[in-house]
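Understanding the architecture of this molecule
One letter stands for each residue in the lines below.
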Amino acid sequence: MNTTQKIAIIGAGPMALYTVKGLLNGEARLNITIFDAADQVGCGMPYRAGMNADYMYCNAFSREIPSITRPLVSWLHDQDDAFLARWDLDRTDIDARDFYPRVLLGDYLTSEFSDLCDAGRHAGHDISVLPAHEVVDVVPTAGGVTLDVATPDGKSVFAFDKVVLATGHVWPSSPKLGTADLVSPWPYTNITDQPAGDIGVLGSSLSAIDVVVALGQEHGAFTEENDKVSWFPETGQEALAITMVSHKGIIPEPDFYYPFPYERLIHLNPEAVIAEVAKGPQALLERVFGLLLAELNEVAPDYMAALGPQAQSIDGFSDAYFLHRETMGGLRALRETLQAAVKSKETRETQHHRYALLRGHENFELILEHLNEDDWTIFNEKLMPVFGDCYAAIPHISVRRVLALYDAGVLRIAPTGTESSIKNNAAGGVTVTTVDGDIDVDALIDARGQASAGLPDLPFASLVDALADPDSNLMEPFRLDLTDAADGSVYCLAMPQILKRHPFSQGLPNCDDLGRIVAKDILGTL
């Protein structure tokens, strides 16, 4: 077995962390070099202090976060009292089903990155971590792959046999939508620097909720007594008025109780989906949707009856799923769904339709690479909004803070519908056309989340030039198809490119899965 090949990983966030974890599970002794443009390694942008505020929560509870060298709960118990006090945590408060702030998770990931690399070195691997080393180009050659790197000491060139792109999220510093100028939510100080006034938030999912809470924290104070949260403006900040704008004008439902480890679905399970894939792509989406219907009709018959007969088809399911919340109104509906979610947790009884959809989206992931283009379009238009809504369950503390702003009269949500327009206005702000008319805001914060991108959008010009088919879809095991003149292997786990065909890939469990797939392929070639 050849164990002398050199492996580079570009990026040192969660995707890189879980890829290294997968590589170290093999028997081969490895030579791994990890590059990152930032000084801090391990946590990645979504969990980095300075990019995120302490009050921004992750929407995965601790047991769902894949262990690296030890589970999150064990790591928390290993921290000293001063660290726990910083996060207002008592040891008795640490719970495997709790949600924690993203910056706290960043501390965990950073610590685990260091411990993982130390464990790898102790096991005989050669592991180098190079912070403040920005890879500016990836150059496939006849002899392997070279990296052009901007280092603190100037430009350097490194040579490798295999390269993994784990470059994480990409956010424009000055986003635009058409000709309209938007405000980036990263770093979070872009949000808190906005003066009290008419602030628009584009989006209504997890990123948007973080923005809304950040505005509330900056211009007022949340008070919490048991489960009751109230908000009061600071003196001189009474002009704050927040408008969330999104296509449907609704917010994802709060987190609910479900069994963990997960229970197997009856009909929509991996074996059943794989059997459908084996039958070929013709009508594949329709057949797997039939498995979803069978699941929902069996475990949640009252729910499906309430949706009506239109929910029994792909064309009608999404409209039926969203209709109640759209009719009630996003924030009023959020209060109703919070009550149901609280009851679910108190009684430890799941909401069966939500559990089927939450787990079901993972099994739909198995067919996405096999869909023809027509079915891929139907999936994105008809089913992806449902799965995205159910996938984005919100921690209750974040929901209560949003509702506190609503109760204080400073927050509303407006549906844009399908005929919306967004443009700069003469006053220096932005005008948004909604179903209720035009809304003028002083600034519009872009909280739509990470956008997908194609392989030609990779920021490495020589690599793009070496792609055999730049317009191809990125498929497992995510090894790029390079021209015959290029030797070596390049794997792409860059988040925008992954999302192009794998839209459920942003959480830490997904990083673990993707890193394991790439690591297995690399180890299989050594």
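Structure report, in brief. (Residues numbered from 1 in each chain as written. Predicted model: local features only at pLDDT ≥ 70, side-chain atom pairs only at ≥ 80, totals over all residues. Heavy atoms only, no water.)

Quick look at the overall build of the chain
Filter applied, for reference: Secondary structure elements follow DSSP: runs of H or I of four or more residues count as helices, runs of E of two or more count as strands, with numbering from the N terminus. We take the radius of gyration over the C-alpha atoms and set the globule estimate at 2.2 Å times the residue count to the 0.38 power. Note on definitions: a residue-residue contact is assigned when non-hydrogen atoms from the two residues lie within 4.5 Å. Areas reported here follow the Shrake-Rupley algorithm with a probe of radius 1.4 Å; residue values treat only the protein chains shown as occluding. By the counting scheme adopted, Arg and Lys are positive, Glu and Asp are negative, and His together with the chain ends is not counted. Note on charges: their place is set at NZ of Lys, CZ of Arg, CG of Asp or CD of Glu.
A tally of regular secondary structure across the chain gives 17 helices and 19 strands. For the chain, whose C-alpha radius of gyration is 24 Å, the value lies close to the compact-globule estimate of 24 Å for 526 residues. Expressed as lengths along the three principal axes of its C-alpha atoms, the size of the chain is roughly 65 × 55 × 55 Å. If you take every contact in the chain between residues at least 6 apart in sequence, the share linking residues at least 24 apart comes to 72%. Working note: accessible area of the chain is about 22,400 Å², and carbon and sulfur atoms make up 49% of it. Each charge sign in the chain was given a centre, from 38 positive and 74 negative side chains, and these centres are 3 Å apart.

Examining the sheet that holds strand β13 (residues 241-246)
Rules: In this scheme, strands are said to pair when DSSP sees at least two bridges between them. Lines fitted to the C-alpha atoms define the axes, with helices restricted to the stretch that makes contact. Angles between their N-to-C directions range from 0 to 180 degrees.
Ordered by their spatial adjacency, four strands build an open sheet running β14-β13-β10-β18, and the pairing between neighbours is parallel. Of all strands in the sheet, those bounded by a partner on one side alone are β14 (411-415) and β18 (443-446). Here the average twist between neighbouring strands, direction ignored, is 25 degrees. The sheet contact formed by β13 and β14 spans five bridges and is parallel. Residue pairing across strands places M244 opposite I413, the latter belonging to β14.

As for empty space enclosed by the protein
Rules: Only protein atoms enter the 1 Å grid, on which a cavity is a set of points fitting a 1.4 Å probe that cannot get out and a pocket is an open set with protein on both sides within 12 Å along at least 5 of 7 lines, lining residues being those with an atom within 4 Å of a point. Grid points are joined across faces, edges and corners, and a volume is the space filled by probe spheres set on the points. Ten residues, namely Ala, Val, Leu, Ile, Met, Phe, Trp, Tyr, Cys and Pro, are considered nonpolar, four, namely Asp, Glu, Lys and Arg, are considered charged, and the remaining ones, Gly among them, are considered polar.
All chains considered together, the criterion is met by one cavity of 30 Å³ or more. Reported here for the largest cavity is a volume of approximately 50 Å³. Together, M56, R102, W171, P185, W186, I191, S207, D210 and V211 line the largest cavity. Considering every element that reaches the lining of the largest cavity, the biggest residue donor is helix α6 (residues 206-219), with three residues. A class-by-class count of the residues in the lining of the largest cavity yields six nonpolar, one polar and two charged.

Thoughts on the packing of aromatic side chains
The following threshold applies: When two rings of Phe, Tyr or Trp (its six-membered ring) have centres within 6.5 Å they constitute a pair, described as stacked for plane angles under 30 degrees, edge-to-face for angles over 60, and tilted for the intermediate range. In this analysis the charged atom, NZ for Lys or CZ for Arg, is taken to sit over a ring once it is within 6 Å of the ring centre and within 35 degrees of the ring normal.
This model, assessed by the stated rule, comprises 22 aromatic pairs. Between F61 and F260, the aromatic rings sit 5.6 Å apart at their centres with planes inclined by 80 degrees, giving edge-to-face as the arrangement. A residue pair is termed long-range when its members are at least 10 positions apart, and F61 in the loop between β2 (31-35) and α2 (72-78) and F260 in the loop between β13 and α7 (270-278) qualify at 199 residues. Aromatic ring contacts, followed pair by pair, group F61, F99, F256, Y258, F260, Y262 and Y355 into a single cluster. Here K6 stacks its cationic end above the ring of F160, 5.4 Å away from the centre of that ring. Geometry around F222 places R401 over its ring, the cationic atom sitting 5.9 Å from the centre.

What about the nonpolar core?
Nonpolar side chains in soluble globular proteins tend to end up buried together. Note the threshold: Nonpolar cores were defined as sets of buried Ala, Val, Leu, Ile, Met, Phe, Trp, Tyr and Cys residues, with membership established by side-chain atoms within 4.5 Å. The cut-offs for exposure are 20% and 50% of the maximum accessible area for each residue type, with area from a 1.4 Å probe on protein chains only; residues under the lower value are buried, those over the upper are exposed, and the others partly exposed.
The biggest cluster of nonpolar side chains holds 80 residues, and the ones touching the most others in it are L76, V138, L147 and L165. Broken down by element, the residue count for this core peaks at eight residues, all from helix α4 (residues 102-122). Listed in part, the 45 residues of the second largest apolar core include I250, L285, M304 and L383.

A few points about the environment of I9
Position of I9 relative to the elements: it lies in strand β1 (residues 6-10). The buried category is assigned to I9, whose relative accessible area is 0%. C-alpha separation for the pair I9 and L482, spaced 473 residues apart in sequence, amounts to 18 Å. In contact with I9, not counting residues within four places along its chain, are A16, T19, V20, L23, I32, T33, I34, F35, V164 and A166.

Some points on the pairing of β1
Short version of the rule: Orient the strands so they point away from the viewer; a crossover is then right-handed if the path from the first strand over the helix to the second runs clockwise.
Counting buried positions over the five residues of β1 gives four, a clear majority of the element. Bridging between β1 and β2 involves five bridges; their strand directions are parallel. Bridging across to β2, K6 finds its partner in N31. Between β1 and its parallel partner β2, the chain crosses via helix α1 (residues 14-24), and the hand of that crossover is right-handed. Note: β1 against strand β7 (residues 162-165), four bridges, orientation parallel. Within β7, the residue paired with I7 across the bridge is K162.

A few points about the side chain of E64
Put simply, the test is: The term salt bridge refers to a pairing of a side-chain nitrogen on Lys or Arg with a carboxyl oxygen on Asp or Glu at a separation within 4 Å. Two N or O atoms form a polar contact when they lie within 3.5 Å of each other; inside protein one atom must be a possible hydrogen donor and the other a possible acceptor, and for residues adjacent in sequence the pair counts only when both atoms belong to side chains.
Along the chain, the position of E64 falls in the loop between β2 and α2. Although E64 lies buried, it forms no salt bridge, and the closest oppositely charged side chain, R97, sits 7.1 Å away as judged by the N-O distance. Of the polar contacts made by the side chain of E64, one reaches the side chain of Y258; its length is 2.6 Å. In contact with E64, not counting residues within four places along its chain, are Y258, F260, Y262 and P509.

Considerations on the sheet that holds strand β5 (residues 144-151)
In sheet architecture, strand pairing relies on hydrogen bonds along the backbone and comes in two forms, parallel and antiparallel. Read across the open sheet, the three strands follow the order β4-β5-β6; overall the sheet is antiparallel. The sheet terminates laterally at β4 (134-141) and β6 (154-160), the two strands that pair on one side only. For this sheet, the mean inter-axis angle between neighbouring strands, taken without regard to orientation, is 20 degrees. In terms of strand pairing, β5 meets β6 through seven bridges, oriented antiparallel. Opposite T146, over in β6, you have A159 as the bridge partner.

Looking at a negative patch on the surface
Cut-off, in case you're wondering: Patch members must show over 30% relative accessible area and no salt bridge, and they are joined within 9 Å when carrying like charges or within 5 Å when they are nonpolar side chains of Val, Leu, Ile, Met, Phe, Trp or Tyr.
Side chains of D198, D438, D440 and D442 sit close together on the surface and give a patch of like negative charge. For D440, the position within the fold is in strand β17 (residues 437-441).

What about helix α17 (residues 508-525)?
Turn by turn, an α-helix covers 3.6 residues, leaving residues three or four places apart pointing in a common direction. To be explicit about the condition: Every helix has an expected span of 1.5 Å times one less than the residues it contains.
Taking 1.5 Å of rise per residue, the 18 residues of α17 would be expected to cover 26 Å, and the 26 Å separating its terminal C-alpha atoms lies within 8% of that figure. Listing the buried residues of α17 in full gives L508, N510, C511, D512, L514, G515, V518, A519, D521 and I522.

Details of the layout of surface pockets
In this structure, the second largest pocket encloses a volume near 850 Å³. For the second largest pocket, the lining is made up of 25 residues, of which Y57, D98, F99, Y100 and I397 are closest to its centre. Per-element accounting of the lining of the second largest pocket gives the leading share, four residues, to helix α14 (residues 396-407). A breakdown of the residues in the lining of the second largest pocket according to their chemical character gives ten nonpolar, two polar and 13 charged.

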